[in-house]
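Commentary on secondary and tertiary structure
Given next are the chains, with one letter for each unit.
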Amino acid sequence: PKLEKIFSEYNLRPVKFRGQNFLIDEEVLDEIVDAAEIKSDETILEIGPGLGFLTERLVARAKKVIAVELDARLFKILREKFSATKNLELINEDILKINPTPIVASLSGGFQIAPPLREDPERSGVPAKAGERDVLMTEKNYKIVANIPYGITSPILAKFLTCAHPPREIILMAQREVAERIVAEKKRSLLAIFVNLYGAPEIVATVPREAFFPVPKVESAILRIAVKNLDKISRESNEKALKIAKIGFSHPRKKLLGNLAGGLRLKKDGLAEIFEKIGINKDVRAEELGPKEWLALADYL
C-alpha cells in the first residue's frame, strides 16, 4: 500500500532497463543495515537509494549519508522526502561517472561535486577518465551500503575496490548466483579472483524474490566485502595478477597452460617448469586457481 501510494502520487513506474527493483521487505532492509554495523561517527555512501526505504535506516545510524541517484524522477521524490534531514546529501549523478577522492582537511562538509577531470594526486598524476567527476571527501573511512541494479555489480566493484580512496567495507544486494560465485572456493570466476584480491567477501544472507517490487526473476543475497588495506606494491601485484588471470580465463574450458602460452607467446615447456615450481598442476584450468596462485604466477611471469 505504501508503494502503491507513492507510485500513484508521482505517476511513477519502475524502469526496467535501469534494473529498478525496489526492496520493500522490512526485515531484509534491517538485515542490510545490521550487516553494515554502522557506527555513529561513520559516513555511508548509498548507491541507487530509489524511494529511500534503506536511506531512512542509514540516516538514523550514520553521521553522514551520501546517496547517489541517477533517476531524476526518484531524485525529486527523495529531495522532498528528506528535505528536513540534516545528515543526508543527495546527488543526482551516475555513480559510475563519479570518482571518489580525498581532499585537504581545510575543506568543510562531507562530499562535494568537483569540476570534471580534476586530477587526483593519489593516482600518481593520472587524470580521471573522460566524463568522470570527482566526489571529494573529508572522511578517510567510509562504507558503501546499497541495493544496486544488478547489471552494474561488476563495474561498481571494479571502480570502488581499485580507486585511490576505497571504502572500508562494501555491503551490497547482489544476484545470489553472482554472490555465490564470488565467495566460491571451487570453480572460481574472474570476478571472484578480482574481488578476493582486493577484499574478503562473504554472504550474510540469501533474499527471496518476493522481497522486491516488481518481483525479479532471480534470487538475491546480501554480500559483504571487507576491503583490504593495500599498499602501493600490493596494488601493483594485484594488477599484474589480474592481467595474467584475464589471459588465463580467455578460454575457460581449455587448460590454463595452453591459454597462457598462447596469450603470452611463451613456450609450454618453460611455463610447465614455472607451474611445477609454484606447485600448480600442468593440467589445471583457470577456475581452479585461487588469488595466491595468480599472484605467484604473476611474480614469475
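Reference entry: report on the structure contained in this document. (Residues numbered from 1 in each chain as written. Predicted model: local features only at pLDDT ≥ 70, side-chain atom pairs only at ≥ 80, totals over all residues. Heavy atoms only, no water.)

A short note on the pattern of salt bridges
- Counted according to the given criterion, the structure contains 14 salt bridges.
- Its salt-bridge partner being glutamate 42, residue arginine 168 comes within 2.3 Å of it at the nearest N-O pair. Here the residue arginine 168 occupies a position in the loop between α5 (153-162) and β9 (169-175), and glutamate 42 occupies one in the loop between α2 (26-36) and β2 (43-47), the gap between them amounting to 126 residues.
- When the shortest N-O distance is used, the salt bridge between lysine 64 and glutamate 89 registers 3.4 Å. Within this pair, whereas lysine 64 is found in strand β3 (residues 64-68), its partner glutamate 89 is found in strand β4 (residues 88-91), the two being separated by 25 residues in sequence.
- Owing to a relative accessible area of 17%, lysine 64 belongs among the buried residues under this scheme.
- A relative accessible area of 22% means that glutamate 89 is categorised as partly exposed. (Salt bridge = Lys/Arg side-chain N within 4 Å of Asp/Glu carboxyl O. Helix = DSSP H or I, 4+ residues; strand = E, 2+ residues; numbered from the N terminus. Buried < 20%, exposed > 50% of the residue type's maximum accessible area, 1.4 Å probe, protein only.)

Observations concerning unusual backbone geometry
- Residue proline 214 is reached from phenylalanine 213 by a cis peptide bond, and omega for that bond is -10°.
- Here proline 214 lies in the loop between β11 (212-213) and β12 (220-227).
- Of note, glutamate 37 is a non-glycine position whose phi angle comes to about 45°, a positive value.
- Mapped onto the fold, glutamate 37 is located in the loop between α2 and β2.
- The phi torsion at lysine 187 lies on the positive side, around 50°, for a residue other than glycine.
- Looking at where lysine 187 falls in the secondary structure, it is placed in the loop between α6 (176-183) and α7 (190-198).

Focus: the pairing of β4
- Bridge count between β3 and β4: four bridges; the pairing is parallel. Residue pairing across strands places alanine 67 opposite leucine 90, the latter belonging to β4.
- Each parallel crossover has a hand, and for β3 linked through helix α4 (residues 72-81) to β4 it is right-handed. (Pairing = 2+ DSSP bridges. Right-handed = clockwise from strand over helix to strand, strands pointing away.)

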